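# A look at the structure
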Amino acid sequence: ELHDNIGSHLTFIISSLDNLGYEKNPDAKLDKIGDLSNVGRLTMKDLRDTIWAMNHDGGTIEQLITRISELRGVLPANLDVRIDNSIELEQEVNGLQLLNCFRIVQEFIQNAIKYSFADLIIISLENSGTGFKLKINDNGKGFEISKVSFGNGILNMQRRCEDLGGSFEIGSDASGTRIACLIPWKIEIQ
């Protein structure tokens, strides 16, 4: 987590600062400094999210929902994010489940903003007996799954789901994109 997210952000900042000395245009230099400041803020947010998850050896569905709800504060005003939950709020989840579910939601939202032009995302948490299902849908333009190669975003969501012992599904068409991650309550660490 620290290596993939924080490490890559810091590498980008260092590289960009090294290259800034070669920029002759003062306006372009100021723009790049502004961009680096934003990357620095994003890095701090990622670090806080990681520390939040690390500090929670275990938590509840309610804590997960609260953390997901906090994302709304940094999203575009035209994007409506709804959370539907049918699981007991007191249901316990472990730290890895908290972090990976949060990161899956975060990645899906980022992809929806970048690519789908959605104005609605629905996040659902459903009990499924021996586990729970995290489903996320958007109402964006969708894409033809057979005609695209999955980028890091989709592959990261799949990996995070599978790291929890879960199964990952994705679907997309003109009515939007959907993912589902079926996660067992008990994770067997190997």
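Described in the following lines is the structure provided in the data block. Quick caveat, the model's predicted, so the values are computed rather than measured.

### With respect to the environment of M44
- Here M44 shows up in helix α2 (residues 26-54).
- Note: C-alpha distance between M44 and C101 (57 residues apart in sequence) is 20 Å.

### Comments concerning the packing of helix α4 (residues 95-116) against helix α5 (residues 152-163)
- At a minimum axis separation of 9 Å, α4 and α5 run at an interaxial angle of 160°. What the angle tells us is that α4 and α5 run roughly antiparallel. Relative to α5, α4 is oriented so that their crossing is left-handed. Side by side, α4 and α5 meet where L96, N100, R103, I104, E107, F108 and N111 of the first sit next to G153, I154, N156, M157, R160, C161 and D163 of the second.

### Comments concerning the sheet that holds strand β4 (residues 120-127)
- Taking strand neighbours across the sheet as the criterion, the five strands line up as β2-β4-β5-β7-β6 in an open arrangement whose pairing is mixed. Two strands lie at the open edges of the sheet, namely β2 (80-85) and β6 (167-173), each paired on one side alone. Sheet twist, expressed as the mean angle between neighbouring strand axes with direction ignored, is 10°.
- Bridge count for strand β5 (residues 131-138) against strand β7 (residues 176-184) is seven bridges, and the pairing is antiparallel. Bridged to L134 within β7 is C181.
- Sheet strands touched by helix α3 (residues 61-70): β2 and β4. Its angle to β2, the strand with the most contacts, is close to 175°.

### Some words on unusual backbone geometry
- In this structure, F117 is a non-glycine residue whose phi angle is positive, near 60°.
- When you line up the elements, F117 lands in the loop between α4 and β4.
- Its relative accessible area of 62% is what places F117 among the exposed residues.

### Here's the deal with the pattern of salt bridges
- If you walk through the whole model with that rule in mind, you get six salt bridges.
- In this structure, the salt-bridge partner of D80 is R82, at a minimum N-O distance of 2.9 Å.
- For the salt bridge of R178 with D173, the shortest nitrogen-to-oxygen distance reads 3.4 Å.

### Some details on the packing of aromatic side chains
- Following the criterion strictly, the structure yields one aromatic pair and no others.
- Just above the ring of F102 sits the side chain of R67; from NZ or CZ to the centre is 5.6 Å.

### Brief notes about the nonpolar core
- I121, I123 and I136 are the most contacted members of the largest nonpolar core, which totals 35 residues.
- For this core, the elements supplying multiple residues, two or more each, are α3, β2, α4, β4, β5, α5 and β7.
- The contacts of I121, once residues within four sequence positions are left out, are L79, D80, V81, R82, F108, I109, A112, I136, N137 and D138.

### Section: the environment of N19
- Turning to its location among the elements, N19 is positioned in helix α1 (residues 2-20).
- The spacing of N19 and F168 is 149 residues in sequence and 40 Å in space, taken between C-alpha atoms.

### Some thoughts on the pairing of β6
- Two strands pair when backbone bridges link them, and β6 and β7 are joined in this way by seven bridges, in the antiparallel orientation. Paired with D173 across the two strands is G176, which belongs to β7.
- Counting the residues in the hairpin turn of β6 and β7 gives two residues.

### Let's talk about the state of the cysteines
- A full pass over the atoms with the stated rule returns one disulfide.
- Note that C161 is cross-linked by a disulfide to C181, the S-S spacing being 1.9 Å. Judged by the sign of its S-S torsion, about 105°, the bond between C161 and C181 is right-handed. With a gap of 20 residues between them, C161 in helix α5 and C181 in strand β7 connect regions that are remote in the sequence.

What counts, and at which threshold
Residues numbered from 1 in each chain as written. Predicted model: local features only at pLDDT ≥ 70, side-chain atom pairs only at ≥ 80, totals over all residues. Heavy atoms only, no water. Helix = DSSP H or I, 4+ residues; strand = E, 2+ residues; numbered from the N terminus. Axes fitted to C-alpha atoms, helices over the stretch in contact; angles between N-to-C directions. Parallel < 35°, antiparallel > 145°, perpendicular 65-115°, else oblique. Left-handed = near helix turned anticlockwise from the far one by under 90°. Contact = heavy atoms within 4.5 Å. Pairing = 2+ DSSP bridges. Buried < 20%, exposed > 50% of the residue type's maximum accessible area, 1.4 Å probe, protein only. Salt bridge = Lys/Arg side-chain N within 4 Å of Asp/Glu carboxyl O. Phe/Tyr/Trp six-rings, centres within 6.5 Å; stacked < 30°, edge-to-face > 60°. Lys NZ or Arg CZ within 6 Å of the ring centre and 35° of its normal. Core = buried A, V, L, I, M, F, W, Y, C linked by side-chain atoms within 4.5 Å. Disulfide = S-S within 2.5 Å.

From the geometry alone we can't say anything about function, so treat these as descriptive.
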